[in-house]
Amino acid sequence: MQHLDPDRLVLLALSEEQEELTESDHLAQCAGCRRDLDEFREVAGLGAECQDVHDLPPPPERLWRAIESDIGRTRVREAPVTDLAERRIHRKPSRRWAPLIAAAAAAVLAIAGTVTIDRVLDGRRTETVTARATLSPLPTVSADARGSVRVLADGEMEIDVSNLPLTTGFHEVWLLDPDDPTKMVALGNLSDRPRVVLPVPPGTDLNRFRLVDVSDEPHDGNATHSGNSLLRGTLTS
Amino acid sequence: MSSDDELAERLRAGDEKALRTAYERHGAAVLYLAQRLLGNRADAEDVTQVTFVAAWTGRDGYDPQRGTLLSWLLGIARRKVVDRLRSAARDDRATETVRTQLAPSDDRETPERIVDRLVVADELGRLPEEQRRTLELAFYDDLTHPQISAVTGLPLGTVKSHIRRGMASLRRRWEVDGAAFGSRSAGPSRAL
Ligand SMILES: [Zn+2]
């Protein structure tokens, strides 16, 4: 049996030429050629419709930002909160940070335009501690990374970290609601310092936002949590 | 341009940039499908958003052996559209709208048809430049082989082979990836 030539099928499908009688006869008998022709016709029809969709405008950028922020939240949710709590039980209580040798001068640095105050603690501070937390590394972070947190009665939080992995971005401190880790408060960044004091926004409920989280944030202009948590620990009074 | 395989691998590794690439490549198609099915831009943008978030959280479920990234994304988007129409129906405020939306008056506008169109358009965009131009002249401008040859200056034989190869590529992709095939059983024994 002489099947229809592929070139011929395409010409027929594009309605560029009409079927010859012998071709019609063959198509009536040959399911294979008939299917080929039908499918090429379908494709030709779809091809003509492609004009409507071949140059679609890109979706708005804000849509991507919304996607990105949803993804940031799902990644924070994925981080193992309970796992950390278990690890802390087996860990020996971390050494209280040793009193610093009195610094020659307490440099007080207020950075204009930001609410972050970095301060070299000089050991003379005697504020009442209202809550503290020991920060432990997440499983992806080297086991010797650690930190400690003290919340002072004046509403400031002292954070002391060591052995954090290097970052090309910066380390940011958050307070998370462990019952719903998508809810969080950004406190500020560590600015490459092992010890900083950050103000806790007035009115923050530390019974709810009791999970302290230090994350690695890229310089991508995205203010949401990167999902890359390094240290975590729960505040207790 | 990285292949779907590469993108899938990066997605599975948790590379957010791969999702961005997928969004740049296929976000417009997802939005188009959603808007066609929902008939409303705001809802279509919502569906596009949840589609890419679902693609991210469900990224382990994408298997490049079973279809292209585009058809996988369009499949998610269709399910999200259905979810949305159902919840709207549950709310009962839009039952009537839903009914009319699910039964489009123009029967070329079935979800399958729209998906097929997007899949074929995507494949058309992947063809070698000269092949693609030749097919566009045939499809969009309804030119015959000799007319295309005259317009492009390509020999008639070249035009013929471009069109034959191009059509074969589009057909193959449509068979692998098209909604019409995906929703029925794939394969050559398609009901006529
Ligand atoms: Zn035949």
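That block above? That's the structure.
Rules and cut-offs
- Residues numbered from 1 in each chain as written.
- Chains lettered and ligands numbered in written order.
- Predicted model: local features only at pLDDT ≥ 70, side-chain atom pairs only at ≥ 80, totals over all residues.
- Heavy atoms only, no water.
- Phe/Tyr/Trp six-rings, centres within 6.5 Å; stacked < 30°, edge-to-face > 60°.
- Helix = DSSP H or I, 4+ residues; strand = E, 2+ residues; numbered from the N terminus.
- Buried < 20%, exposed > 50% of the residue type's maximum accessible area, 1.4 Å probe, protein only.
- Contact = heavy atoms within 4.5 Å.
- Buried area = accessible area lost by both parts, 1.4 Å probe.
- Salt bridge = Lys/Arg side-chain N within 4 Å of Asp/Glu carboxyl O.
- Polar contact = N/O pair within 3.5 Å; in protein donor to acceptor, adjacent residues only side chain to side chain.
- Nonpolar A, V, L, I, M, F, W, Y, C, P; charged D, E, K, R; others polar.
- Donors = N, O, S within 2.8 Å, 3.2 Å for Na, K, Ca; no water.
- Pairing = 2+ DSSP bridges.

Side note on the packing of aromatic side chains
Centre distance and the angle of the planes are the two values used to describe a pair of aromatic rings. Under the definition given, this model contains 3 aromatic pairs over all chains. Both rings, one in Trp64 of chain A and one in Tyr23 of chain B, keep their centres 5.1 Å apart while their planes meet at 40°; by these two values the pair is tilted. With one member in each of two chains, Trp64 of chain A in helix H4 (residues 61-78) and Tyr23 of chain B in helix H2 (residues 16-38) form a pair that bridges those chains. Each member of the pair, Trp64 of chain A as well as Tyr23 of chain B, is classed as buried. Taking 5.2 Å as the distance between ring centres and 80° as the angle between the ring planes, the aromatic pair formed by Tyr23 of chain B and Phe52 of chain B counts as edge-to-face. Within this pair, whereas Tyr23 of chain B is found in helix H2, its partner Phe52 of chain B is found in helix H3 (residues 41-57), the two being separated by 29 residues in sequence. Judged on exposure class, the residue Tyr23 of chain B and its partner Phe52 of chain B are both buried. Three or more aromatic residues joined by ring pairs form one cluster here, namely Trp64 of chain A together with Tyr23 and Phe52 of chain B.

Some thoughts on the interface of chain B and chain A
Facing 46 residues of chain B, the contacting portion of chain A comprises 40 residues. Both sides of the chain B and chain A interface together cover about 4,200 Å² of buried area, and 65% of this is carbon and sulfur. Of all residues in chain B, the largest losses of buried area upon contact with chain A belong to Tyr23, Tyr140 and Arg171 of chain B, amounting jointly to 16% of the total for that side. For Asp7 of chain A, the salt bridge is made with Arg164 of chain B, and the minimal N-O distance between the two is 3.1 Å. Joining chain B to chain A, the criterion identifies 12 residue pairs in polar contact (both at pLDDT 80 or more). Among the secondary structure elements, those contributing two or more residues to the side of chain B that touches chain A are H2, H3, helix H6 (111-126), helix H7 (129-139), helix H8 (145-152) and helix H9 (156-177) of chain B. Across the side of chain B that touches chain A, the residue classes tally to 26 nonpolar, 6 polar and 14 charged.

So, the coordination of the zinc ion
Residues and elements named next belong to chain A. Coordination of the zinc ion by the protein involves His3 (ND1), His26 (NE2), Cys30 (SG) and Cys33 (SG), with metal-donor separations of 2.0 to 2.3 Å. For the zinc ion, all donor residues lie on one chain, and their spacing in sequence is H-x22-H-x3-C-x2-C. For His26, a relative accessible area of 8% translates into the label buried.

Looking at the pairing of strand E9 (residues 211-217) of chain A
All names here are of chain A. Counting buried residues along E9, 7 of its 7 residues qualify, which places the element largely inside the surrounding structure. Of the two faces of E9, both are covered, the one formed by Leu211, Asp213, Ser215 and Glu217 as well as the one formed by Val212, Val214 and Asp216. When strand E6 (residues 170-176) meets E9, the two strands line up antiparallel, connected through 7 bridges. Its bridge partner lying in E9, Trp174 is registered against Asp213. Two elements, E9 and strand E10 (residues 229-234), share 5 bridges in a ladder whose sense is antiparallel.

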